[in-house]
Amino acid sequence: MGDDWCTIESDPGVFTQLCQEIGVKGVQFEEIYSLGPEAFASMDVEKLFGLVFLFKWQREADPRPTVDAGDHGIFFAQQVIHNACATQAILSTLMNVPSEKLDLGPHLKEFKEFTVGLDPQMKGLAVSNSEPIRKAHNSFRQQTSFEIVQEKDEKGDAFHFIGYICHDNKVYELDGLKAGPVLIGAVPDGTHWTETAREEIQKRIETYTQKAAASGGSEEGSVELRFNLMAIVANQLNEAEEQMQRARYLRQRANISLVSRGEDVELMDEVDDDDAPADIPSFEDLSAREVSDVKALVAEQTGKIDELGKVVEVEKKKRDKWTRENNLRRADLVPLALCAMRHLARKGVLMPAFEKGKEVHLKRVEERKATAAN
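First things first, this report covers the structure right here in the doc.

Rules behind the numbers
Residues numbered from 1 in each chain as written. Predicted model: local features only at pLDDT ≥ 70, side-chain atom pairs only at ≥ 80, totals over all residues. Heavy atoms only, no water. Salt bridge = Lys/Arg side-chain N within 4 Å of Asp/Glu carboxyl O. Pairing = 2+ DSSP bridges. Helix = DSSP H or I, 4+ residues; strand = E, 2+ residues; numbered from the N terminus. Axes fitted to C-alpha atoms, helices over the stretch in contact; angles between N-to-C directions. Buried < 20%, exposed > 50% of the residue type's maximum accessible area, 1.4 Å probe, protein only. Polar contact = N/O pair within 3.5 Å; in protein donor to acceptor, adjacent residues only side chain to side chain. Contact = heavy atoms within 4.5 Å. Expected span 1.5 Å × (residues − 1). Parallel < 35°, antiparallel > 145°, perpendicular 65-115°, else oblique. Left-handed = near helix turned anticlockwise from the far one by under 90°. Nonpolar A, V, L, I, M, F, W, Y, C, P; charged D, E, K, R; others polar. 1 Å grid on protein atoms, 1.4 Å probe; cavity = no way out; pocket = protein on both sides within 12 Å on 5 of 7 lines; lining within 4 Å. Points joined across faces, edges and corners; volume = space filled by probe spheres on them. Phe/Tyr/Trp six-rings, centres within 6.5 Å; stacked < 30°, edge-to-face > 60°. Lys NZ or Arg CZ within 6 Å of the ring centre and 35° of its normal.

**Here's the deal with the pattern of salt bridges**
Part 1: Summed over the entire model, instances satisfying the criterion amount to 22 salt bridges.
Part 2: Linked by salt bridges that have partners in common, Arg 64, Glu 173, Glu 200, Lys 203 and Arg 204 make up one network.

**Things to note about the sheet that holds strand S1 (residues 27-31)**
Part 1: With antiparallel pairing, six strands are arranged side by side in an open sheet as S1-S6-S2-S3-S4-S5. Every interior strand has two partners, whereas the edge strands, S1 and strand S5 (182-186), have only one. Along the sheet, successive strands turn relative to each other by an average axial angle of 25°, direction set aside.
Part 2: In this structure, strand S3 (residues 159-167) lies alongside strand S4 (residues 170-174), joined through five bridges in antiparallel fashion. Counted as the bridge partner of Gly 163 is Leu 174 from S4.

**Regarding the side chain of Asn 326**
Part 1: Along the chain, Asn 326 falls in helix H9 (residues 291-329).
Part 2: The class for Asn 326 is buried, based on a relative accessible area of 0%.
Part 3: For Asn 326, the side chain forms a polar contact with the side chain of Arg 329, separated by 2.7 Å.
Part 4: The contacts of Asn 326, once residues within four sequence positions are left out, are Gly 13, Val 14, Gln 17 and Phe 140.

**Digging into helix H10 (residues 334-346)**
Note on helix geometry: an α-helix contains 3.6 residues per turn, so any two residues three or four positions apart are oriented the same way.
Part 1: End to end, H10 covers 18 Å across 13 residues, agreeing with the expected 18 Å (1.5 Å per residue, within 8%).
Part 2: At the exit of H10 stands Gly 348, carrying a positive phi of roughly 75°.

**Topic: the side chain of Thr 196**
Part 1: With respect to the helices, strands and loops of the structure, Thr 196 is situated in helix H6 (residues 193-215).
Part 2: Given the relative accessible area of 12%, Thr 196 is considered buried.
Part 3: Thr 196 has contacts with Val 171, Ile 184, Ala 186, Val 187 and Pro 188, leaving out every residue within four places of it along the chain.

**Quick word on the packing of helix H7 (residues 236-260) against H9**
Part 1: Two elements in contact, H7 and H9, have axes separated by 8 Å at closest approach and are oriented at 155°. As the angle between them shows, H7 and H9 are arranged roughly antiparallel. The interaxial crossing formed by H7 with H9 has left-handed handedness.
Part 2: Taken together, the residues that form the contact of H7 with H9 break down as 15 nonpolar, six polar and eight charged.

**A word on the layout of surface pockets**
The probe, sized like a water molecule, is rolled over the atoms to show the empty space still left.
Part 1: Estimated volume of the second largest pocket: approximately 480 Å³.
Part 2: Taken together, 18 residues form the lining of the second largest pocket, with Glu 60, Asp 62, Arg 64, Lys 178 and Arg 204 sitting closest to its centre.
Part 3: At six residues, the largest contribution of residues to the lining of the second largest pocket is made by H6.
Part 4: Broken down by class, the residue content of the lining of the second largest pocket amounts to six nonpolar, two polar and 10 charged.

**Things to note about the environment of Gln 20**
Part 1: Structurally, the position occupied by Gln 20 is in helix H1 (residues 12-22).
Part 2: Gln 20 gets classed as partly exposed once you look at its relative accessible area, which sits at 45%.
Part 3: Residues Gln 20 and Leu 104 lie 84 residues apart in sequence; the distance between their C-alpha atoms is 9.7 Å.

**Comments concerning the packing of aromatic side chains**
Part 1: Evaluation of the coordinates by the stated rule reveals four aromatic pairs.
Part 2: Between Phe 15 and Phe 29 the ring centres are 5.5 Å apart and the planes differ by 65°, which places this aromatic pair in the edge-to-face class. One end of the pair, Phe 15, is in helix H1; the other, Phe 29, is in strand S1, and 14 residues separate them in sequence.
Part 3: Relative to Phe 55, the ring of Phe 53 has its centre 5.7 Å away and its plane inclined at 20°; by these criteria the two rings are stacked. The same class applies to Phe 53 and to Phe 55, which are both buried.
Part 4: These aromatic residues form a ring-pair network of at least three members: Phe 15, Phe 29 and Phe 161.
Part 5: Here Arg 330 stacks its cationic end above the ring of Phe 140, 4.2 Å away from the centre of that ring.

**Notes on the packing of H1 against helix H2 (residues 85-95)**
Part 1: One way to put it is that H1 packs onto H2 with a least axis distance of 11 Å and a crossing angle of 65°. The element H1 and its partner H2 pack so that their crossing is right-handed. Of the residues in H2, those touching H1 at Phe 15, Leu 18, Cys 19 and Ile 22 are Ala 86, Thr 87, Ile 90, Leu 91 and Leu 94.
Part 2: A per-class count over the contact of H1 with H2 returns eight nonpolar, one polar and no charged.

**Side note on empty space enclosed by the protein**
Part 1: All chains considered together, the criterion is met by two cavities of 30 Å³ or more.
Part 2: Its boundaries defined by the atoms lining it, the largest cavity holds a volume of some 60 Å³.
Part 3: Forming the boundary of the largest cavity are Phe 76, Ala 77, Gln 79, Cys 85, Gln 88, Ala 89, Ser 92, His 160, Phe 161, Leu 174, Asp 175 and Gly 176.
Part 4: Listed by contribution, the elements that provide at least two residues to the lining of the largest cavity are H2 and S3.
Part 5: With four residues, the top contributor of residues to the lining of the largest cavity is H2.
Part 6: Of the residues that constitute the lining of the largest cavity, the class distribution is six nonpolar, five polar and one charged.

In structure tokens, the structure reads:
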């Protein structure tokens, strides 16, 4: 079954829906665009479960030793099938998140229990033979009416995914092509583990950059400098909606407290107080506060609700965009293209359009060459 796995695009919408289809609850993927100290400044790092890093794979020796995954209490599966490194990196990262922080869903819970005593290679074989995982992965297969068969000696770029996690206050690199995890190091006191991982990834990219500079940009010795880093974080839509609901419960209690003291207040929420979170102040607590303090609390919660409403709107639009793009990825557009070409041919404008497009393409190629030369 290993040969049946397709390549999938490195995209937060793809990976988020992939996890949903496998059954993982409450996660999403966010692209990291900077590797400076501010890389994770806008995120709640306490709800950042791991990192997935994409880079161009090259056959070269890695002097770093690996550790025994079992001795370190880490789930680690070797990659034994082609084209599955993205899903494998995601799974290895998620499997190491404590159960109290993340709901893996019924299938991955069962899978984790089933493979607990297996070595990394057998874990990898178990991944390759998992029908729910393979089905979810292959649901992103590009649909086409024609199958293009490449020549065996045709060389193409090989990109690879690896994961970074924190376990027992140590940062590990999870690369399915290695014998085991690579221990990056302990997390220094007063810092978050993402800083240790960020420095390691930055060092790796700088190494590739130095190799590219040393090669002088020659075609044979050039090194690919395209990378992609994603963070696996808590579902931002769910988080914002839960925080908004909590703020609504608290605002309603504060307003009722003001009404009970004769204040002229408009009750803006209609939420069932019986469902209110246990950690918000009770009516007794609020009644002990000054009226001015309670009014300030109402204003604070109103502002918070407005801000969270904007976050909810952004996250919903993001998910609508992901859904449209994933539907497009799964669509076969060849019949549409052929139909358009037939209509252009009937009107006698197909070849002129082809020549114009070819001219534009060649111009762009020359512009890219000129940019690279500078």
